[in-house]
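# Residue-level structure breakdown
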Amino acid sequence: MRLSDFKQEGNEDIIEKYNQLKDLPQEELSSKLFEEVARQKQAGTFNAAMLYQTIESMKSYMPQETYINMLSLLDSFNDKK
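My aim in this report is to walk through the structure given alongside it, one point at a time. Given the structure is predicted, the values throughout are model-derived calculations rather than measurements.

As a further point, take the overall build of the protein. Helix and strand counts for the protein stand at four helices and zero strands. Starting at the N terminus and walking to the C terminus, you meet the elements of the protein as α-α-α-α. Per-residue burial over the protein gives 14% buried out of 81 residues. Contacts spanning at least 24 positions in sequence make up 43% of the contacts within the protein whose residues lie at least 6 apart.

If you want it as structure tokens, here you go:
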């Protein structure tokens, strides 16, 4: 899946967020991701089941290694309280 696939009405937030994050180093991206997960868990809005479903729906658009890494990362979120 490419960013151009999202260029439809209502997806401006996705494109804006992508543009904000696309050039960040891996460590900073990971840090931001873990901060966001912690914030969502604190607010009671973290939904692992929805994220698994989203990853599954995107599986055919990504390399197998990326898919496995995403599942592993999501599993690590579930291990942290």
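From this point, things continue past the structure.
For the rest of this paragraph, the subject is helix α2 (residues 26-43). Relative to the 26 Å expected for 18 residues at 1.5 Å per residue, α2 spans 26 Å between its end C-alpha atoms, a close match to the ideal helical length. Once α2 ends, the next one or two residues include G44, with phi positive near 75 degrees.

Nonpolar side chains collect at one region of the surface, where L33, F34 and L73 lie side by side and expose about 200 Å² of accessible area between them. Mapped onto the secondary structure, L73 falls in helix α4 (residues 64-79). Using a relative accessible area of 32% as the deciding quantity, one classes L73 as partly exposed.

Before going further, it helps to spend a moment on the packing of aromatic side chains. If you walk through the whole model with that rule in mind, you get two aromatic pairs. With a centroid separation of 5.1 Å and 80 degrees between ring planes, the pair formed by F34 and F77 is classed as edge-to-face. In this pair, F34 is assigned in helix α2 and F77 in helix α4, connecting sequence segments 43 residues apart. Arranged with centres 6.4 Å apart and planes meeting at 90 degrees, the rings of F46 and F77 form a pair that is edge-to-face. One end of the pair, F46, is in the loop between α2 and α3 (48-58); the other, F77, is in helix α4, and 31 residues separate them in sequence.

Basis of the calculations
- Residues numbered from 1 in each chain as written.
- Predicted model: local features only at pLDDT ≥ 70, side-chain atom pairs only at ≥ 80, totals over all residues.
- Heavy atoms only, no water.
- Helix = DSSP H or I, 4+ residues; strand = E, 2+ residues; numbered from the N terminus.
- Buried < 20%, exposed > 50% of the residue type's maximum accessible area, 1.4 Å probe, protein only.
- Contact = heavy atoms within 4.5 Å.
- Expected span 1.5 Å × (residues − 1).
- Patch = residues over 30% accessible without salt bridge, like charges linked within 9 Å, V, L, I, M, F, W, Y side chains within 5 Å.
- Areas by Shrake-Rupley, 256 points an atom, 1.4 Å probe, with all protein chains shown as cover.
- Salt bridge = Lys/Arg side-chain N within 4 Å of Asp/Glu carboxyl O.
- Phe/Tyr/Trp six-rings, centres within 6.5 Å; stacked < 30°, edge-to-face > 60°.

Note that every value here comes from positions in space, so none of it alone points to a role or purpose.
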